[in-house]
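An overview of the molecular structure
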Amino acid sequence: MIAWLLLLSLLSKSTQDQQGEENGVSHCEPQNLNLTSSDQMLMLTWEDDPLCSRGVLIYEFVVLIADKAVHSEEVAVEPAQIRSRHSWNWTSHLPLECAFHSVRLRSQYGNYTSQWKEERIRKQSGGFRVFPRNKVLEVGTNATFCCIVSPNEEFYFMNLGKYRGTNNITTKISEDVYALTLHLSQPPSHTSTDVYCNIKGQGHNGASNFIGYPPRAYDLQCETRDLKSVECMWKEKKTYLTNKHPTTYWLGGRKCQPVVYSCSQPFAGEKNWTLTAENVLGKVELQDRADLKERVHMFAPEELTALTVNARNVSLKWKWTEKHYSSLNITCLINVSDGETHNIRSISGAGLNAAPINNLTPNWRHSVKVQCGTAQHFWKWGDWSKTLEIHTKADVPDALDVWMMMKEDHTVVIWKTERVLCPLPLDENPHSEEDITVIPELLYIYNKEAPAHVQPGLPAFRYNSDLQWFLQQAAIAPQSTH
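Position numbers for residues start from 1 in each chain and track the written sequence from start to end. Under the rules for a predicted model, residues below a pLDDT of 70 receive no local features and side-chain atom pairs below 80 are neither given nor counted, while totals for whole chains, interfaces and linings still include all residues. Excluding hydrogens and water, the side-chain values take into account all heavy atoms of the structure.

Secondary structure elements are taken from DSSP: a helix is a run of H or I of four residues or more, a strand is a run of E of two residues or more, and numbering for both begins at the N terminus. Secondary structure assignment for the chain yields three helices and 34 strands. The classification of residues rests on relative accessible area computed with a 1.4 Å probe and restricted to protein chains. Under 20% of the type maximum is buried, over 50% is exposed, and intermediate values are partly exposed. Counting every position in the chain, which comprises 482 residues, the buried fraction comes to 37%. Approximately 28600 Å² of the chain is accessible, and the part contributed by carbon and sulfur atoms is 49%. To measure how exposed things are, a 1.4 Å probe is used in the Shrake-Rupley method; for residues, cover is taken only from the protein chains shown.

What follows is about the state of the cysteines. In this description, a disulfide is simply a cysteine sulfur pair whose atoms lie within 2.5 Å. Per the counting criterion, the structure on display carries five disulfides. The residue that forms a disulfide with C222 is C232, at a sulfur-sulfur distance of 2.1 Å. Disulfide C222-C232: the torsion about the S-S bond is 105°, which places it as right-handed. With C222 in strand β17 (residues 217-223) and C232 in strand β18 (residues 229-236), this residue pair connects regions lying ten residues apart in the sequence.

For the rest of this paragraph, the subject is the packing of aromatic side chains. Note on aromatic pairs: the rings of Phe, Tyr and Trp (six-membered ring only in Trp) are paired at centre separations within 6.5 Å, and the planes decide the class, stacked below 30 degrees, edge-to-face beyond 60, tilted for the rest. Tallied over the entire structure, the rule returns eleven aromatic pairs. Centre to centre, the rings of F155 and Y178 are 4.2 Å apart; their planes meet at 5°, and the pair counts as stacked. On the criterion of sequence distance, the pair formed by F155 in strand β12 (residues 155-159) and Y178 in strand β14 (residues 177-183) is long-range, its members being 23 residues apart. When its relative accessible area of 14% is taken as the criterion, F155 is described as buried. An angle of 45° between the planes, with centres 6.4 Å apart, marks the rings of W234 and Y261 as tilted.

Okay, the pairing of strand β11 (residues 142-148) next. On any regular strand, side chains alternate: one points to one face of the sheet, the next to the other face. β11 sits mainly inside the fold: six of its seven residues count as buried. Looking at chain direction, β11 and β14 are connected through seven bridges and run antiparallel. Residue I148 lies in a different strand from β14, and its bridge partner there is V177. One requirement defines pairing of two strands: DSSP has to find at least two bridges between them.

Glancing now at the nonpolar core. We call a set of buried Ala, Val, Leu, Ile, Met, Phe, Trp, Tyr and Cys residues a nonpolar core when their side-chain atoms join them within 4.5 Å. Residues L42, L44, W46, F61, W88 and L94 are the most contacted members of the largest nonpolar core, which totals 29 residues. Listed by contribution, the elements that provide at least two residues to this core are β1 (31-38), β2 (41-47), β3 (57-65), β5 (86-91), β6 (101-109), β11 and β14. If you tally residues by element for this core, the top one is β3, at five residues. Contacts are assigned to residue pairs with any non-hydrogen atoms lying within 4.5 Å of each other. Contacts of W46, omitting those with residues within four sequence positions, involve P30, Q31, N32, L33, Y59, F61, S84, R85, H86, S87, W88 and L105.

This part takes up the sheet that holds strand β16 (residues 203-212). Read across the sheet, four strands follow the order β10-β16-β15-β12 without closing on themselves; strand pairing throughout is mixed. Only two strands of the sheet have a single neighbouring strand rather than two, namely β10 (136-138) and β12. Looking at each pair of strands side by side, their axes are set apart by 30° on average, direction ignored. Here four bridges tie β12 to strand β15 (residues 193-199), and the two strands are oriented antiparallel to one another. Paired with M158 across the strands is C197, a residue of β15. For helices, the axis comes from a line fit to the C-alpha atoms of the stretch in contact; other axes are also lines fit to C-alpha atoms, and the angle between any two N-to-C directions lies between 0 and 180 degrees.

So, about the pattern of salt bridges. Here, a salt bridge means any Lys or Arg side-chain nitrogen found within 4 Å of an Asp or Glu carboxyl oxygen. Applying the stated criterion across every chain, the model contains 15 salt bridges. Among the salt bridges present, the one from K117 reaches E29, with a minimum N-O distance of 4.0 Å. Here K117 is found in strand β8 (residues 117-121), whereas its partner E29 is found in the loop between α1 (2-22) and β1, with 88 residues between them in sequence. The closest approach of N and O atoms between K319 and E303, which form a salt bridge, is 3.3 Å. One end of the pair, K319, is in strand β25 (residues 314-319); the other, E303, is in strand β24 (residues 302-309), and 16 residues separate them in sequence. Judged by its relative accessible area of 49%, K319 is partly exposed. With relative accessibility at 53%, the residue E303 sits in the exposed group.

Across the sheet, four strands lie side by side as β20-β19-β22-β23; this open sheet has antiparallel pairing. A strand with exactly one partner marks an edge of an open sheet, and here the two such strands are β20 (254-256) and β23 (282-289). On average, each strand axis in the sheet is inclined to that of its neighbour by 25°, with strand direction left out of account. Where strand β22 (residues 272-279) and β23 come together, eight bridges link them in antiparallel fashion. Of the residues in β23, the one forming a bridge with T276 is E285.

Following this line, the structure appears as structure tokens:
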């Protein structure tokens with residue numbers, strides 16, 4: 001008897017449910033709808049009817065702008081997700097200050113469909129007439145700007161000043177709202193881009209926006225200078241965004257403040273490095289894999305000095321500020337300059353901190369600087385040291401190869417040496433007075449009985465190779481045979 005009563009009760013409830021659903025009432029309609037916004041994004045949240053948990057729920061969305069449908073889609077909710085709070089979002093091409101945006105929602109459960117439920121939203125314009133304002137837009141995308149016109153005004157046209165986009169289309173959204181849509185095909189020529197709405201007979205209203213790119217970093221390379229920290233460098237193309245919209249960088253998950261596209265931080269043997277660059281338009285990740293022991297970029301040698309200075313050679317010594325360099329096999333380049341030419345010499349050794357320099361010019365000023373790199377797993381040359389100025393000591397010249405030649409009625413004295421005397425004004429001589437020789441004394445040594453008559457007032461001479469010029473200037477007078 002009890003079983004029959006229970007069966008009749010269930011049949012009665014089932015009949016009532018079917019009659020209610022057939023009359024257009026569904027127990028599975030969405031509940032507690034809430035529509036919010038962020039920038040140009042609509043965000044809708046809602047809950048399910050708690051009685052609907054046996055099958056899949058289908059929710060249907062329709063978006064309207066100024067009461068005109070512009071978008072629709074469906075979302076399926078599985079039984080395991082039923083009774084939880086759901087969310088959905090959609091981004092409008094039109095700023096929310098320009099017109100009312102509405103979202104309609106209904107559910108489908110089995111063969112039954114609920115009634116539409118609707119939420120509306122419109123941001124306050126704050127008295128402004130052109131939107132968006134101070135928005136960052138990406139090159140290569142489409143952008144829509146709107147102009148709000150008062151009832152007694154007549155819309156004329158909209159433009160972006162000197163900016164030239166493509167596919168420009170102006171549309172009427174409602175009686176008081178017009179929109180300009182265009183493709184942002186190129187970066188701007190100025191920091192900001194102004195949007196103008198021109199009203200017939202009343203000039204124009206406007207708003208400033210920014211057009212640029214997401215981070216454009218590329219070519220990440222990581223190295224170490226002290227074998228204790230990693231320094232990563234990269235290249236980057238211009239984003240065209242101002243300091244109001246900077247790019248933020250993370251190296252290995254740690255935020256860094258880059259200096260000329262370079263970040264550094266301690267490391268403990270890692271071999272994989274990830275740089276993340278992000279701005280308001282997006283982010284990019286760069287990766288580099290390296291054993292930093294094979295990427296040592298050495299600092300410059302410090303306290304470069306000359307221990308000994310001779311006429312034709314010197315001994316150099318320097319210090320390393322990083323103690324780890326003492327265990328490295330090092331190759332150094334030594335740049336020696338005499339003021340006119342540069343000579344590069346190479347030397348290698350473990351923990352190298354000294355080097356000899358030979359074949360220098362006696363009694364001459366030389367400039368010396370040193371840079372080094374690792375000999376094993378060479379990565380790149382380090383920084384140059386500060387320049388060291390060295391003045392070599394004077395040297396005793398070799399004996400001259402001299403001979404005499406009788407030519408008609410006078411005698412010519414000729415000598416052969418690696419260098420020949422030629423004039424040089426004192427104010428152009430960059431070296432010491434020890435480098436100056438007077439011609440008459442040299443000639444007198446080899447002709448004591450009949451000194452050569454050299455033109456008086458000849459300037460001082462230094463070594464050169466123009467013997468022909470010298471013989472013409474220092475002509476020897478005829479010698480008497482009596």
